[in-house]
Amino acid sequence: MMTERILTYPGFLYELGGTHYFLGKWICRECKDVDATDCAFMYRMSRKAKEEPETKMYFQKIRAFADFALEVPYNPARIKENLTALAGHLSDAETASLQEQLDSFEEDYRKYCGGI
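Quick look at the structure, then. (Residues numbered from 1 in each chain as written. Predicted model: local features only at pLDDT ≥ 70, side-chain atom pairs only at ≥ 80, totals over all residues. Heavy atoms only, no water.)

Glancing now at the packing of aromatic side chains. In this description, a pair of aromatic rings is defined by centroid distance and the angle of the planes. Evaluation of the coordinates by the stated rule reveals 10 aromatic pairs. Relative to Tyr43, the ring of Phe12 has its centre 5.5 Å away and its plane inclined at 75°; by these criteria the two rings are edge-to-face. With Phe12 in strand E1 (residues 12-16) and Tyr43 in helix H2 (residues 34-48), this pair connects stretches of sequence that are 31 residues apart. Taken as a pair, Phe12 and Tyr43 share a single burial class, namely buried. Ring pairing ties together the aromatic residues Tyr9, Phe12, Tyr14, Tyr43, Phe59, Phe105, Tyr109 and Tyr112, which thus form one cluster. (Phe/Tyr/Trp six-rings, centres within 6.5 Å; stacked < 30°, edge-to-face > 60°. Helix = DSSP H or I, 4+ residues; strand = E, 2+ residues; numbered from the N terminus. Buried < 20%, exposed > 50% of the residue type's maximum accessible area, 1.4 Å probe, protein only.)

Laid out in structure tokens, this is it:
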């Protein structure tokens, strides 16, 4: 269920067990870009502090990083396979954290992009 949910969203950066991943309908790959992971940290911090302008800015930056991280050619079967494998190895705490991050993404995507 969570995999199918992720595959309906555009790419975003999620933290799972201290490792960052770009996940979405067009991407499933680990992120090693320090600028992107710093933006994710700032996004979470701004969101928690309810600093709306900063949250929006970092949300948009993360979306841009995710779009630039896309791999060509697009291979939806491989993306789904990789995402299913990743989700299958998550602990209960990591699964709960990902669910929470997905809820936040969905809320902010609606707010800042008018979608989902």
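Here the focus is the layout of surface pockets. Approximately 220 Å³ is the volume attributed to the largest pocket. Phe12, Leu13, Tyr14, Tyr43, Arg44, Arg47, Lys48, Ser97, Glu100, Gln101 and Ser104 together form the lining of the largest pocket. At the level of secondary structure, the elements contributing two or more residues to the lining of the largest pocket comprise E1, H2 and helix H5 (92-113). In terms of residue class, the lining of the largest pocket is built from 4 nonpolar, 3 polar and 4 charged. (1 Å grid on protein atoms, 1.4 Å probe; cavity = no way out; pocket = protein on both sides within 12 Å on 5 of 7 lines; lining within 4 Å. Points joined across faces, edges and corners; volume = space filled by probe spheres on them. Nonpolar A, V, L, I, M, F, W, Y, C, P; charged D, E, K, R; others polar.)

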